[in-house]
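Geometric and topological summary
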Amino acid sequence: MNQMYFPVWMVKWIKSYLEDRKQTLVVRTSTLLERKIKCGVSQDSVLGPLLFLICVSNMKEFITNCMLITYADNTIMLFKPYTVDGLFAIMEITLAELSSYMRMNHISLNISKTN
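As a starting point, this report considers the structure included with it.

Criteria and thresholds
Residues numbered from 1 in each chain as written. Predicted model: local features only at pLDDT ≥ 70, side-chain atom pairs only at ≥ 80, totals over all residues. Heavy atoms only, no water. Helix = DSSP H or I, 4+ residues; strand = E, 2+ residues; numbered from the N terminus. Rg over C-alpha atoms; globule rule 2.2 N^0.38 Å. Buried < 20%, exposed > 50% of the residue type's maximum accessible area, 1.4 Å probe, protein only. Contact = heavy atoms within 4.5 Å. Core = buried A, V, L, I, M, F, W, Y, C linked by side-chain atoms within 4.5 Å. Arc of directions from axis to C-beta. Salt bridge = Lys/Arg side-chain N within 4 Å of Asp/Glu carboxyl O. Patch = residues over 30% accessible without salt bridge, like charges linked within 9 Å, V, L, I, M, F, W, Y side chains within 5 Å. Areas by Shrake-Rupley, 256 points an atom, 1.4 Å probe, with all protein chains shown as cover.

Let's talk about the overall build of the chain
Scanning the chain from terminus to terminus reveals 4 helices and 4 strands. In sequence order, the secondary structure elements of the chain are arranged as α-β-β-α-α-β-β-α. Computed over C-alpha atoms, the radius of gyration of the chain comes to 18 Å, more than 25% over the 13 Å expected from 2.2 N^0.38 for 115 residues, which places it beyond the range of a compact globule. Along the first, second and third principal axes, the C-alpha set of the chain runs to 60 × 40 × 20 Å. For the chain, the proportion of its 115 residues judged to be buried stands at 16%. The contacts of the chain with a sequence gap of at least 6 include a subset with a gap of at least 24, amounting to 33%.

As structure tokens, then:
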């Protein structure tokens, strides 16, 4: 976020929101498990979709062989190949670019939600 020229106060505010979070499993009145959350944002968070969009805002600079459409936490890749073989070649290159981008930005892919 510092690379995107956000004000220091905003970076500190978001960092404080993401640090020292815990997840607790409670059944009836008993606490069964408490763990520190190392990454991610809770599903019901208002900031979750915004942080995702900030995180992937530069993806188009790295993914060069397709058109990207991003909405909330979904990204669609559109390809325009001239042949079937061309499609496979472009997709292979693009998936390698995507994999590299995701590693660099500490993003994981939920395979169960991928079509």
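Regarding the nonpolar core
Counting 8 residues, the largest nonpolar core is built from Val56, Met59, Ile63, Cys66, Leu68, Leu98, Tyr101 and Met102. When residues in this core are grouped by element, the largest group, 3 residues, is from helix 4 (residues 84-104). When residues no more than four places from it in sequence are discounted, the contact partners of Leu98 are Met59, Ile63 and Met77.

Digging into helix 2 (residues 47-55)
Three or more residues of helix 2 are buried, namely Leu47, Gly48, Leu51 and Ile54. Down the axis of helix 2, the buried side of the element spans an arc of 130 degrees, and every buried residue falls inside it. Residues of helix 2 that are buried make contact with helix 1 (8-18).

Things to note about unusual backbone geometry
Positive phi, normally seen in glycine, also occurs at Asp20, with a value near 55 degrees. With respect to the helices and strands, Asp20 occurs in the loop between helix 1 and strand 1 (21-27). Positioned with a positive phi, Arg28 is a non-glycine residue whose angle comes to about 55 degrees. Mapped onto the elements, Arg28 comes out in the loop between strand 1 and strand 2 (30-37).

Re the pattern of salt bridges
Tallied over the entire structure, the rule returns 3 salt bridges. A salt bridge links Lys15 to Glu19, with the nearest nitrogen and oxygen atoms 3.9 Å apart. The partly exposed category is assigned to Glu19, whose relative accessible area is 41%. Salt-bridge contacts for Asp20 lead to Lys36; the nearest nitrogen and oxygen are separated by 4.0 Å. Separated by 16 residues along the polypeptide, Asp20 in the loop between helix 1 and strand 1 and Lys36 in strand 2 bring together distant segments of the chain.

Concerning a nonpolar patch on the surface
Together, Leu25, Val27, Leu32 and Leu33 give the surface a local cluster of nonpolar side chains, amounting to about 340 Å² of exposed area. Broken down by secondary-structure element, the contributors of at least two residues to the nonpolar patch are strand 1 and strand 2. Counting through the fold element by element, Val27 comes out in strand 1. Looking at Val27, the relative accessible area reads 41%, which means it is partly exposed.

Any link to function would need more than the numbers given here.
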